[in-house]
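A closer look at the structure
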Amino acid sequence: MQIEKIPLADWINSLVDRLSHFAGFFNSITNFFQTIINAFQAVFDVLPEWLFIILILGLTYWAKRDSKKWGLLIFELFGLLLIWNLDYWRDMTQTLTLVLTSGLITVVLGVPLGILMAKSRITDQIVKPILDLMQTMPAFVYLIPAVAFFGIGMVPGVLASVIFAMPPTVRMTNLGIRQVPADLIEAADAYGATSWQKLLKVQLPLAKSTLMAGINQSLMLSLSMVVIASMIGALGLGTQVYFAVGRNDAGAGFTAGIAVVILAIILDRITQAFNSKRH
Amino acid sequence: MTVKVEVRNLTKIFGKRISKATDLLAQGVSKEEILEKTGATIGVNKASFSINAGEIFVIMGLSGSGKSTLIRLINRLIEPTEGEVLIDDLNLTALDKKSLRNVRRKKLGMVFQNFALFPHKTILQNAAFGLEIQGDSQDTRSKKAHNALELVGLHGYDDQYPDQLSGGMQQRVGLARALASDAEVLLMDEAFSALDPLNRKAMQDQLLELQNKMHKTIIFISHDLNESLRIGDRILIMRNGSIVQIGEPEEILTAPANEYVERFIEDVDRTKVLTVNSVMTEATTININKSGPRVALRRMQENSISSIYVVDDDDRFVGFADADDVATLIRQGSKDLKSILKTEVPLTTPDTPVQDLIDKISNTPIPFAVLDNEQHLLGIILRGSVLSAIAGNEVTA
């Protein structure tokens, strides 16, 4: 007996087709994100390399003013000088733009979603499997509809990164708020705090370090997306790696890869420094 | 005395089949049976009592007796299943969320067992939390919080964080937080239970001292009978969610409502709680204006005592006569009792704790005279009655 194949693929295709009719909607989203991306990129293009390096070093110095920092400062100095020297500077700033834009979107969408999950069991139960899906679905798969809706370039790259990188921020926000000790919530209630006051004065400040760990994870994950994003036209270090693969050029591949690693370490250490700041 | 907090028929049932359990409870079915039939637990069972303004009202019970639930029903941190809570005749159980928040902000302060201080806020900010929630300006709340911290004896810690302070100091901050918002009613949930014995006693003393100045209405939860007896003006004893007895500390000790309370008070150090009032016995006296030495001597022989207290027409204390002296007086043929009266006798007042007498009473052969403010002789203290009171026996005159 022959069992008919379920036409799941056809269904999804027709869904994607139907969604493509809302081109106007997707265009406005594309324009909106493109504006953010352009703004970031414009700033990086205006900044001379040496000033950029000084700003990064200054930021690190300030963020880690209470802890050991000289090793990191030296690493950052030589790392960035190496990227400059290897002529990957503009690629690096493009990658940084991609990461920061997706990081921004992740925070703006992910933190409120995490708060909502912590406050409502129903939201929690609905969103959790979606997050699982976002993290486990192979990243290549959602490149296809991304191109269909948002065309080719930075915007679909950013959105693909957001889908892949957002779950840790949502989950950690949720976790952080749930971890606030019950007696502190009770104390806030006993003194007549409203839900907003409780959130802003007690829950978010106490969830801060968990939340920051989530954002840090999201940034790292979106960095890991740069090569995949380059396949749909997101420029940056990922493009260099992608081209090196095409040319079977191990040297170029590794140098671009090292630039990604340097950028990753700098982003990671700085966001962690913000997190571990103690009273 | 005005009633500040009134609790009527307050009931809390935890579980799913609450309406069924409520019906069963109304029929008088026992807690265990309800649990078996419906799976619902009776947290608090029809509690009714009233608390006077300016009183320290202790709710005492072992863990699981429902005392922590009861205190949370009062400010509705836990929603009551049935019953009413009135503060100044305002029915809290009928309020909507917004009005309830207002009552919590203005009238109620709460102190928690594990302090519940905010680790991300400084001591000053913690103490100012209630004011911050009320929307006071930075200036006002800093000033009020600072004053509250001074009041509880914390100087110079304003800018520290809770984890830099010891447990006792942290709880002082908890107390300051409740005092800063000028709440009229303080709910203290096992506030001193997490402290070591020395700190606990210091905090109890401080609370009593503050209460002398401020006259708040304090509802204090405790599982420690000695603590309850020490600080409570009245004590409510709970068991299995029901009220077993409500009374002043002496009442609880001298007239326990049932066997449960009796077992509870077995190990209490009674000398700290019992006052002269409850151990004094009726004095054998003679009236100096009516009787002479012969009556005095006969009265002593009748009662087989070797000395007698002498009073005037209004029962005011005049002096004390010894049998030997009275006999000498008779032999001399004199009728002037006054000449042999001794006035240097040990005196005390009815509300003196027995503890303060123990040392003296063992060194004094003459029974203590108990006088009120107008020198009326109320009774006397015999060594035997002190001993039997400490042992927990009924004092009989």
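As a starting point, this report considers the structure included with it. In this text, all values refer to a predicted model and were calculated from it rather than measured experimentally.

What counts and how
- Residues numbered from 1 in each chain as written.
- Chains lettered and ligands numbered in written order.
- Predicted model: local features only at pLDDT ≥ 70, side-chain atom pairs only at ≥ 80, totals over all residues.
- Heavy atoms only, no water.
- Helix = DSSP H or I, 4+ residues; strand = E, 2+ residues; numbered from the N terminus.
- Buried < 20%, exposed > 50% of the residue type's maximum accessible area, 1.4 Å probe, protein only.
- Contact = heavy atoms within 4.5 Å.
- Areas by Shrake-Rupley, 256 points an atom, 1.4 Å probe, with all protein chains shown as cover.
- Lys, Arg positive; Asp, Glu negative; His and termini not counted.
- Charge placed at Lys NZ, Arg CZ, Asp CG, Glu CD.
- Pairing = 2+ DSSP bridges.

What follows deals with the overall build of chain A. When helices and strands are tallied, chain A shows 13 helices and zero strands. Mapped in sequence order, the helices and strands of chain A form the string α-α-α-α-α-α-α-α-α-α-α-α-α. Taking the principal axes of the C-alpha coordinates as reference, chain A spans close to 70 × 65 × 40 Å. Every one of the 279 residues in chain A was classed for burial, and the buried ones make up 47%. Expressed as a percentage of contacts within chain A between residues at least 6 apart in sequence, the contacts between residues at least 24 apart total 79%. When the accessible surface of chain A is totalled, it reaches about 14600 Å², and 69% of it is carbon and sulfur. Side chains of chain A give 19 positive and 16 negative charges; the mean places of these two sets differ by 9 Å.

All names here are of chain B. Across the sheet, three strands lie side by side as 14-15-16; this open sheet has mixed pairing. Two strands bound the open sheet, and with one partner strand each, they are strand 14 (347-348) and strand 16 (377-381). Across four bridges, strand 15 (residues 368-371) lies against strand 16 in antiparallel orientation. Residue pairing across strands places Val370 opposite Gly379, the latter belonging to strand 16.

Before going further, it helps to spend a moment on unusual backbone geometry. Residues and elements named next belong to chain B. With a phi angle near 55°, Asn9 is a residue other than glycine that sits in the positive phi range. Take Asn9: it is sitting in strand 1 (residues 3-14). Residue class for Asn9 comes out partly exposed when judged on its relative accessible area of 37%. Phi at Gln375 is positive, roughly 70°, even though this residue is not glycine. Topologically, Gln375 is positioned in the loop between strand 15 and strand 16.

Note that every value here comes from positions in space, so none of it alone points to a role or purpose.
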